[in-house]
Amino acid sequence: MANINEIAVRHFYEALSTGDSALVDEALAAAWEAVPPLRTGGGPEGWKASIAHLRGVFDDLTVEIQHVVVDGDMVAVRTLSRGKHTGELLGVEGTGREVEFRAADFHQVADGRIVRTWHLEDYFSIATQIGLEFTRGA
């Protein structure tokens, strides 16, 4: 059975998967901090803007929670996301390619709301799937 901390974290990912911004308000504290900081700004409004951006880049975006580990006020999550690349990302216009990418997050929760999230994402995998090529420098 999920505890209050895990429920808040599950709402965080459900908001991304569905686009339901009301879930963001249930999941995040007003002073929520993302590490590294989001390009879309801080707090719940920054996460809502990131969700809108990602859902615009990836049609049919889904987020599958693969593992959750709860330890006191910390909740670790490993996810697998999938979608069709239809919007500009990393300077690449939408390709129509199906992509999948993994992420790991560590969420600190207080009073049933996430106060800080440390995010690690496999950007290299995304970049190669949308057609970016990397060459070795001289």
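Details of the structure are given in the entry above.
If you're wondering where the values come from, they're calculated on a predicted model, not measured in any experiment.

Side note on the pattern of salt bridges
In step 1: Scanning the entire structure with this criterion turns up seven salt bridges.
In step 2: Between E6 and R10 there is a salt bridge, with its nearest N and O atoms 2.8 Å apart. A residue pair is termed a helical-turn pair when its members lie 3 or 4 positions apart in one helix, as E6 and R10 do in helix 1 (residues 4–18) at four residues.
In step 3: A relative accessible area of 36% means that R10 is categorised as partly exposed.
In step 4: Residue D25 pairs with K48 through a salt bridge whose shortest N-O separation is 2.9 Å.

Observations concerning the packing of aromatic side chains
In step 1: All told, the structure shown has six aromatic pairs when counted by the stated rule.
In step 2: Between F12 and Y13, the ring centres sit 5.0 Å apart and the planes meet at 80°, which makes this aromatic pair edge-to-face. Y13 shares its class with F12; the two are buried.
In step 3: Every member of this aromatic cluster is reached through a ring pair, and the members are F12, Y13, W32 and W47.

A look at helix 3 (residues 43–57)
In step 1: Over its 15 residues, helix 3 runs 21 Å from end to end, which matches the ideal 21 Å to within 8%, given 1.5 Å per residue.
In step 2: Residues of helix 3 that are buried include every one of G43, P44, G46, W47, K48, S50, I51 and V57, and no others.

Focus on the layout of surface pockets
In step 1: There is about 770 Å³ of room inside the largest pocket.
In step 2: L38, L54, H119, E121 and Y123 are, among the 31 residues lining the largest pocket, the residues nearest its centre.
In step 3: Listing elements by their share of the lining of the largest pocket, those giving two or more residues are helix 1, strand 1 (28–35), helix 3, strand 2 (58–71), strand 3 (74–85), strand 4 (98–110), strand 5 (113–121) and helix 4 (123–129).
In step 4: Its residues placed into classes, the lining of the largest pocket shows 20 nonpolar, seven polar and four charged.

Procedures and definitions
- Residues numbered from 1 in each chain as written.
- Predicted model: local features only at pLDDT ≥ 70, side-chain atom pairs only at ≥ 80, totals over all residues.
- Heavy atoms only, no water.
- Salt bridge = Lys/Arg side-chain N within 4 Å of Asp/Glu carboxyl O.
- Helix = DSSP H or I, 4+ residues; strand = E, 2+ residues; numbered from the N terminus.
- Buried < 20%, exposed > 50% of the residue type's maximum accessible area, 1.4 Å probe, protein only.
- Phe/Tyr/Trp six-rings, centres within 6.5 Å; stacked < 30°, edge-to-face > 60°.
- Expected span 1.5 Å × (residues − 1).
- 1 Å grid on protein atoms, 1.4 Å probe; cavity = no way out; pocket = protein on both sides within 12 Å on 5 of 7 lines; lining within 4 Å.
- Points joined across faces, edges and corners; volume = space filled by probe spheres on them.
- Nonpolar A, V, L, I, M, F, W, Y, C, P; charged D, E, K, R; others polar.

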